[in-house]
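# Descriptive analysis of the structure
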Amino acid sequence: MILPRNILLTPGPATTSVRVKQAQVVADICPREIDFGRLQASIGERLVEIVHGQGTHEAVLFAGSGTCAVEACISSLMPPSGRILVMVNGAYGARIREMCRLHLRPDQVVLSEVGFDEVPDIGAIGRMLAADRTITHVVAVHHETTTGVLNPVEALSRTTAALGVTLIVDAMSSYAGIPIDLRESPFDFLISSSNKCLQGMAGISFVIGRSTLLTPPPDHRPRSLYLDLYAQHRGFRDTLQMRFTPPVQVLYALDAALDEYFEETGAERHARYSRCWDTLVHGMQEIGFALAVPDLPQSKLLTTFLSPRHPRFSFAAMHDALLAEGFTIYPGKVGEIDCFRLANIGAIDVPDIVAFLRALRLYLKTQSIDLKSTERTPLVKVS
């Protein structure tokens, strides 16, 4: 069966290869069989290898979206006497803030919050941590896909390590797309999922945790049955099985996606994504679209563009027209700003971006929308 190839310019799920799709067509197997356990163990080892954490870190897999693994960390890692500083400069940091407020007492949560068009001041955060030694944990988003901004978590990791503070990094949409080396950036916990820069299918999330921190403290009391990170780690270590039913076919697809990653190499994947980003941003600006945060460090994985003020421009209409041509685009997520996001991750390359830009130009031409002389939506600071 030949399937149509759709280009997903979204922050995940991303476009997958035929090889990854076909990997899901396997003989039925009970996930309690030893062979399937060995497959999962191999997947975990290779996930750790991508970020050079062999010997110091281990992977803990969950069946669920990326949010599942983030919430597992928030609900599991905080002791009753601990306090956590949450770094917020976008919607995904704000989501973690809400998790903390659900699972922890109000006095356990400290905020370091700036606008979406700002990068957190790591020096200021360091001074907060040095002044308040009751803060035991920090959680930060690496690639804030609200805007496409890359936050300076490497510098943050050096600060937390020097102060003995545990660092949790949401690397959901940067892992496997941007080089991360745990030997150089001492993240204690790194979180991601199968369906973004890994180019696998949605349904598996994982925590890569420092081995010495994956044993619960004596006073640990689980706040969740399913999301107990310690129990998930211990259960697989002891039985080579997930505690609850995993998505079997998704794991076979992830295994194939990991094969593709190591064949391409991390450096080449990063270079391919960078080439796609350069082509995309140059083309969009040439058409007349403006970046929402052009002066901040760009991830080169996703970009937020301001919607133009034009009487005939409609994101929904543009979305539907491009979808009919095989391209999926994504609405914005920046407060009240009228914007949209384009990602350039997944099993795509420069010719796919060129084809997208061609389809976009044709759509705008048929609608008589000339953006080069159109007033842009003004940038408004949103906290």
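Being a predicted model, the structure only gives us computed values, none of them experimental.

### A word on the sheet that holds strand S4 (residues 109-113)
The seven strands are arranged S2-S10-S9-S8-S5-S3-S4 in an open sheet whose pairing can be described as mixed. Each edge of the sheet is formed by a strand with only one pairing partner; in this case those strands are strand S2 (57-63) and S4. Ignoring strand direction, the axes of neighbouring strands in this sheet form an average angle of 20°. Taken together, the five bridges between strand S5 (residues 137-141) and strand S8 (residues 166-170) define a ladder with parallel strand orientation. The residue bridging Ala-140 from the neighbouring strand is Val-169, located in S8.

### Side note on helix H5 (residues 122-131)
Within H5 the residues assigned to the buried category are Ile-122, Ile-125, Gly-126 and Leu-129. Taken around the axis of H5, the buried residues stretch over an arc of 100°, which confines them to a single face. Along H5, the residues that are exposed and aim more than 90 degrees away from the buried face are Arg-127 and Ala-131. In this fold, the buried residues of H5 make contact with strand S3 (84-88), S4, S5 and helix H6 (153-163). Near the N-terminus of H5, the side chain that reaches the backbone nitrogen of Gly-123, with its oxygen 3.0 Å away, is that of Asp-121.

### A look at the packing of helix H9 (residues 266-287) against helix H11 (residues 350-366)
Direction vectors running N to C along H9 and H11 enclose 15°, while the axes themselves pass 9 Å from each other. Considered as vectors, H9 and H11 are oriented roughly parallel to each other. Between H9 and H11 lies a crossing whose hand is right-handed. On H11, the residues that touch Arg-275, Cys-276, Thr-279, Leu-280, Gly-283, Met-284, Glu-286 and Ile-287 of H9 are Val-350, Ile-353, Val-354, Phe-356, Leu-357, Leu-360, Arg-361 and Leu-364. Taken together, the residues that form the contact of H9 with H11 break down as 11 nonpolar, two polar and three charged.

### What about the confidence of the model for the protein chain?
Confidence in the prediction of the protein chain, expressed as mean pLDDT, is 95, and 97% of residues score 70 or more. A low-confidence stretch, residues 376-383 (pLDDT under 50), is modelled with 28 contacts involving residues beyond four sequence positions or located in other chains.

### Description of the packing of aromatic side chains
According to the stated counting rule, one finds nine aromatic pairs in the structure shown. Between Phe-36 and Tyr-252 the ring centres are 5.8 Å apart and the planes differ by 55°, which places this aromatic pair in the tilted class. In this pair, Phe-36 is assigned in helix H2 (residues 34-50) and Tyr-252 in helix H8 (residues 248-264), connecting sequence segments 216 residues apart. Consider the rings of Phe-327 and Phe-356, whose centres lie 5.8 Å apart with planes at 65°: the pair is edge-to-face. A residue pair is termed long-range when its members are at least 10 positions apart, and Phe-327 in strand S12 (residues 327-328) and Phe-356 in helix H11 qualify at 29 residues. Like Phe-356, Phe-327 is buried.

### Brief notes about the state of the cysteines
Should the sulfur atoms of two cysteines be covalently bonded, the bond is a disulfide. The final tally for this structure, using the stated rule, is zero disulfides. Here Cys-68 stays unpaired: no disulfide links it, and the sulfur of Cys-73, its closest cysteine neighbor, is 10 Å away.

### A look at the sheet that holds strand S13 (residues 330-331)
Judged by pairing direction, the sheet is antiparallel, and its three strands sit side by side in the order S11-S14-S13 without closing on themselves. The open sheet has two edge strands, strand S11 (302-306) and S13, and neither has a second partner. In this structure, S11 lies alongside strand S14 (residues 339-343), joined through five bridges in antiparallel fashion. Bridged to Thr-303 within S14 is Leu-342. Contacts from H9 reach S11 and S14, with the element oriented near 5° to S11.

### Considering unusual backbone geometry
Backbone torsion omega between Gly-12 and Pro-13 reads 0°, so that peptide bond is classified as cis. Tracing the backbone shows Pro-13 in the loop between strand S1 (7-8) and helix H1 (18-22). The backbone of Gln-199 shows a phi angle near 65°, a positive value even though the residue is not glycine. Along the chain, Gln-199 turns up in the loop between strand S9 (189-193) and strand S10 (204-210). Judged by relative accessible area, which is 3%, Gln-199 ranks as buried. The phi dihedral of Leu-240 is positive, around 60°, even though this residue is not glycine.

Criteria and thresholds
Residues numbered from 1 in each chain as written. Predicted model: local features only at pLDDT ≥ 70, side-chain atom pairs only at ≥ 80, totals over all residues. Heavy atoms only, no water. Pairing = 2+ DSSP bridges. Helix = DSSP H or I, 4+ residues; strand = E, 2+ residues; numbered from the N terminus. Axes fitted to C-alpha atoms, helices over the stretch in contact; angles between N-to-C directions. Buried < 20%, exposed > 50% of the residue type's maximum accessible area, 1.4 Å probe, protein only. Arc of directions from axis to C-beta. Contact = heavy atoms within 4.5 Å. Polar contact = N/O pair within 3.5 Å; in protein donor to acceptor, adjacent residues only side chain to side chain. Parallel < 35°, antiparallel > 145°, perpendicular 65-115°, else oblique. Left-handed = near helix turned anticlockwise from the far one by under 90°. Nonpolar A, V, L, I, M, F, W, Y, C, P; charged D, E, K, R; others polar. pLDDT = per-residue confidence, 0-100. Phe/Tyr/Trp six-rings, centres within 6.5 Å; stacked < 30°, edge-to-face > 60°. Disulfide = S-S within 2.5 Å.

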